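A structural walkthrough
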Amino acid sequence: MLKSIGVLTSGGDSPGMNAAVRSVVRTAIYSGVDVWGIYNGWRGLLDEDLKKLERKDVGDIIQRGGTMLGTARCKRFQTVEGRKLAYEHMQKYGIQGLVVIGGDGSLRGASELSAESGVPIVGLPGTIDNDVWGTDYTIGCDTAANTIIDAINKLRDTASAHRRVVVLEVMGHHSGWLAITSGIAGGAEYILVPEEEYDMDIICDDMKYAYKQGKRYILVVVAEGVASGIEIGKIIEEKTGIDTRVSVLGHIQRGGSPTVQDRVKASQLGEKAALALISGMSDVVFGFQADRVVCINLHDAVNNKKQLDPEYLRLSKELF
Ligand code: ATP
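Here's a quick rundown of the structure. Here the structure is a predicted model, which means the values were calculated and not measured. (Residues numbered from 1 in each chain as written. Predicted model: local features only at pLDDT ≥ 70, side-chain atom pairs only at ≥ 80, totals over all residues. Heavy atoms only, no water.)

Remarks on the state of the cysteines
For the structure on display, the rule yields zero disulfides. Free cysteine: cysteine 141, not disulfide-bonded; nearest cysteine sulfur from cysteine 295 at 19 Å. Taking the relative accessible area as the measure of exposure, cysteine 141 reaches 2% and is therefore buried. (Disulfide = S-S within 2.5 Å. Buried < 20%, exposed > 50% of the residue type's maximum accessible area, 1.4 Å probe, protein only.)

Shown next as structure tokens:
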């Protein structure tokens, strides 16, 4: 059984990371295990930016977006020397295992550190993109989708008043989960995701026809990995002649108080991760499948690509 563990958040921040950290820390302390908070992701391990945490250190954070530990993208950790130094610092502080909360990049780093040094690591998927293989859910995706819905509701009002096409650009370089989920929930007419190809001529002809039939407005949700909202809006306006406006949500999607789902699921995952690590498990990621907590192999999680649910793609086209 491990006596001292560390926890860090890495990569892009996501709402619910705090709930996960709180859960890891309190579960460890409840189990009589020391827990070190490592600040600013992998960088904190390299710079010895860490502190032993008490129960009270994670008070008043469950309702906050972001991460109280801070996060970073750290190039040095991507080298063998960097990871060796990280391992040496873990030994120096007596940290026997790590809970790593982050997206696929952070988990890939975790997998490499564990393979090279043998240090036990348990991962939690923390990213608004919901693009980690093996889990239906990643910490923060629900809050981000709800933030987008809020924007869609507001954009609908003004689009309808002016008979406009409104294009909303949302996050997702490689994954269309946020776009498709919020697009379906927001009733968007067109949802453009990086997993598919589009013929803008056909889309624009459809739009012109719909307007002739009396349609008052059209809402397009585009994931940033397809093209920028500006580019898509320009094409639509040029090809249809319909007054078109573009909104880019940007980093607003990362922030905000986490939803109930993100708080509860992150708390469940944090507890499972801490207990698993303390009991000697390693190289696993905890996630959800069909609303149940599941344990996934860490190497499988980082070496497989999650596919966008074809049911979502089908539904988005059927309901348009
Ligand atoms: P998000 O999905 O929100 O972008 P992420 O965890 O995928 O989060 P990345 O920037 O890809 O974000 O990764 C975060 C950090 O993890 C990197 O800055 C780097 O320190 C580490 N990392 C990423 N890929 C690797 C790798 N192949 N080997 C070692 N470390 C890595």
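Re the sheet that holds strand β4 (residues 97-102)
Picture the strands of a sheet paired through backbone hydrogen bonds; they go either parallel or antiparallel. With mixed pairing, the seven strands of this open sheet are ordered in space as β3-β2-β1-β4-β5-β10-β11. For this open sheet the edge positions go to β3 (50-52) and β11 (292-297), each flanked by a neighbour on one side alone. Averaged over all pairs of adjacent strands, the angle between strand axes in this sheet comes to 25°, irrespective of strand direction. Taken together, the six bridges between strand β1 (residues 4-10) and β4 define a ladder with parallel strand orientation. The residue bridging isoleucine 5 from the neighbouring strand is glycine 97, located in β4. (Pairing = 2+ DSSP bridges. Helix = DSSP H or I, 4+ residues; strand = E, 2+ residues; numbered from the N terminus. Axes fitted to C-alpha atoms, helices over the stretch in contact; angles between N-to-C directions.)

Comments concerning the sheet that holds strand β8 (residues 218-223)
If you trace the four strands from one edge of the open sheet to the other, you get β7-β8-β6-β9, paired in parallel fashion. Pairing within the sheet leaves two strands with one partner each, and these edge strands are β7 (190-192) and β9 (244-248). With direction set aside, neighbouring strand axes in the sheet form an average angle of 15°. Sheet analysis places strand β6 (residues 165-170) next to β9, joined by five bridges and oriented parallel. Paired with leucine 168 across the strands is serine 247, a residue of β9.

Description of the site of the ligand
Residues in close proximity to the ligand total 18 residues, the closest being Arg73, Cys74, Gly105, Ser106 and Glu112. At 2.9 Å, a side-chain N or O of aspartate 104 approaches an oxygen atom of the ligand. Within the side chain of glutamate 112, one N or O atom sits 2.7 Å away from a nitrogen atom of the ligand. For the ligand, the accessible surface in isolation is 620 Å², of which the surrounding protein chains cover 84%. The biggest single contributor to the shell around the ligand is helix α4 (residues 104-117), with six residues. (Near = heavy atom within 4 Å. Polar contact = N/O pair within 3.5 Å; in protein donor to acceptor, adjacent residues only side chain to side chain. Areas by Shrake-Rupley, 256 points an atom, 1.4 Å probe, with all protein chains shown as cover.)

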